[in-house]
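# Structure assessment
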Amino acid sequence: MSTKAERTTAYIIETVAPVFNKHGYVGTSMSDLTDATNLTKGALYGNFENKEALALSAFEYNRNLLLVAIDEHLAIEGKAMEKIDNLIDFYKKYDVFTMSMGGCPILNVGIDAQHNNRLLAAATKETITDIEGKIALVLESGVNSGEFKIPVTPLQFAKQLFTIIQGSIAMATLTKDRKYLVNTVTYLEVLIKKELR
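The present account deals with the structure reproduced in this document. Fair warning: this is a prediction, and the values are worked out from it, not measured in the lab. (Residues numbered from 1 in each chain as written. Predicted model: local features only at pLDDT ≥ 70, side-chain atom pairs only at ≥ 80, totals over all residues. Heavy atoms only, no water.)

A separate point is helix H7 (residues 105–113). For H7, a buried count of seven out of nine residues is recorded, marking the element as mostly surrounded by other parts of the structure. All of the buried residues along H7 are Pro105, Ile106, Leu107, Asn108, Val109, Gly110 and Ala113. Along its buried surface, H7 packs onto helix H1 (4–27), helix H4 (51–74), helix H6 (94–97), helix H8 (118–144) and helix H9 (154–175). (Buried < 20%, exposed > 50% of the residue type's maximum accessible area, 1.4 Å probe, protein only. Helix = DSSP H or I, 4+ residues; strand = E, 2+ residues; numbered from the N terminus. Contact = heavy atoms within 4.5 Å.)

Put into structure tokens, the structure is as follows:
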């Protein structure tokens, strides 16, 4: 059973996560946070040392939602190719998945934090590394089982795959046209099958 303080902290993080993700670290004001939570500035700072700590917790909350979803899509029963196909299906609807978060946390926070918050920038980079590593493990298991061959190391292939996915997310976000995401990820399915078999 969690304490009232723990429940308040969890409520604050969950409530402000989409606010920070949409508006960025600099673009999010204390009044944005107090309006979203219906709490005073003192109540927020009673739970977090400063705005940076709150922003980092908010990113970690969204990051964990994303990593859990990726884990679930890669953990299905079946061969490595089925797991990769399932991940690709997830990314076809990625914009819908991230809507409640205020968009893609990797893209939004990663770009926003590059020049104004080294901790958030580092956390975003770590998240990218984690996701690429998860994809690489599935690819490696497919190579080891003889299911498919790839022309580069599993990690290099995973990095290229994730770069294409994130590029399509960026284009869909910037143009507000989800066809960039859906069409690119659909093409990626064809490309993966061609490259891996």
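Now that the structure has been shown, we can carry on.
Right, let's talk about the pattern of salt bridges for a bit. Going through the model one piece at a time under the given rule, you end up with eight salt bridges. A salt bridge links Arg63 to Asp130, with the shortest nitrogen-to-oxygen separation between them at 2.2 Å. On the criterion of sequence distance, the pair formed by Arg63 in helix H4 and Asp130 in helix H8 is long-range, its members being 67 residues apart. Overall, the relative accessible area of 12% leaves Arg63 in the buried class. Note that Arg178 and Asp95 form a salt bridge whose closest N and O atoms lie 2.7 Å from each other. Of the two residues, Arg178 sits in the loop between H9 and helix H10 (179–196) while Asp95 sits in helix H6, which places them 83 residues apart along the sequence. (Salt bridge = Lys/Arg side-chain N within 4 Å of Asp/Glu carboxyl O.)

Applying the stated criterion across every chain, the model contains six aromatic pairs. Where Phe90 meets Phe97, the ring centres are 5.1 Å apart and the plane angle is 70°; that geometry is what we call edge-to-face. The buried category is assigned to Phe90, whose relative accessible area is 5%. Through pairs of rings, three or more aromatic residues link up here, namely Phe90, Tyr91, Tyr94, Phe97 and Phe162. The ring centre of Tyr25 lies 4.9 Å from the NZ or CZ of Lys51, which sits over that ring. (Phe/Tyr/Trp six-rings, centres within 6.5 Å; stacked < 30°, edge-to-face > 60°. Lys NZ or Arg CZ within 6 Å of the ring centre and 35° of its normal.)

We now examine the side chain of Thr37. Take Thr37: it is sitting in helix H2 (residues 30–37). A polar contact is formed between the side chain of Thr37 and the backbone oxygen of Leu33, at a distance of 2.8 Å. In this structure, Thr37 is in contact with Tyr11, Ile12, Thr15, Val16 and Leu44, ignoring residues within four places of it in sequence. (Polar contact = N/O pair within 3.5 Å; in protein donor to acceptor, adjacent residues only side chain to side chain.)

Turning next to the environment of Thr127. By secondary structure assignment, the location of Thr127 is in helix H8. Taking relative accessible area as the criterion, Thr127 reaches 1% and is therefore assigned buried. Thr127 sits 17 residues away from Gly110 along the chain, and the two C-alpha atoms are 9.9 Å apart. For Thr127, the residues in contact, after removing those within four places along its chain, are Phe59, Arg63, Leu67 and Ile106. A polar contact of 2.8 Å, which involves the side chain of Thr127, links it to the side chain of Arg63.

We now examine H2. Those residues of H2 that sit buried are Met30, Leu33, Thr34 and Thr37. All buried residues of H2 lie within an arc of 95° about the axis, which places them on one face of the element. Of the surrounding elements, those touching the buried residues of H2 are H1, helix H3 (41–47) and H4. Note on H2: the residue one or two positions beyond its end, Asn38, has a positive phi of about 60°. (Arc of directions from axis to C-beta.)

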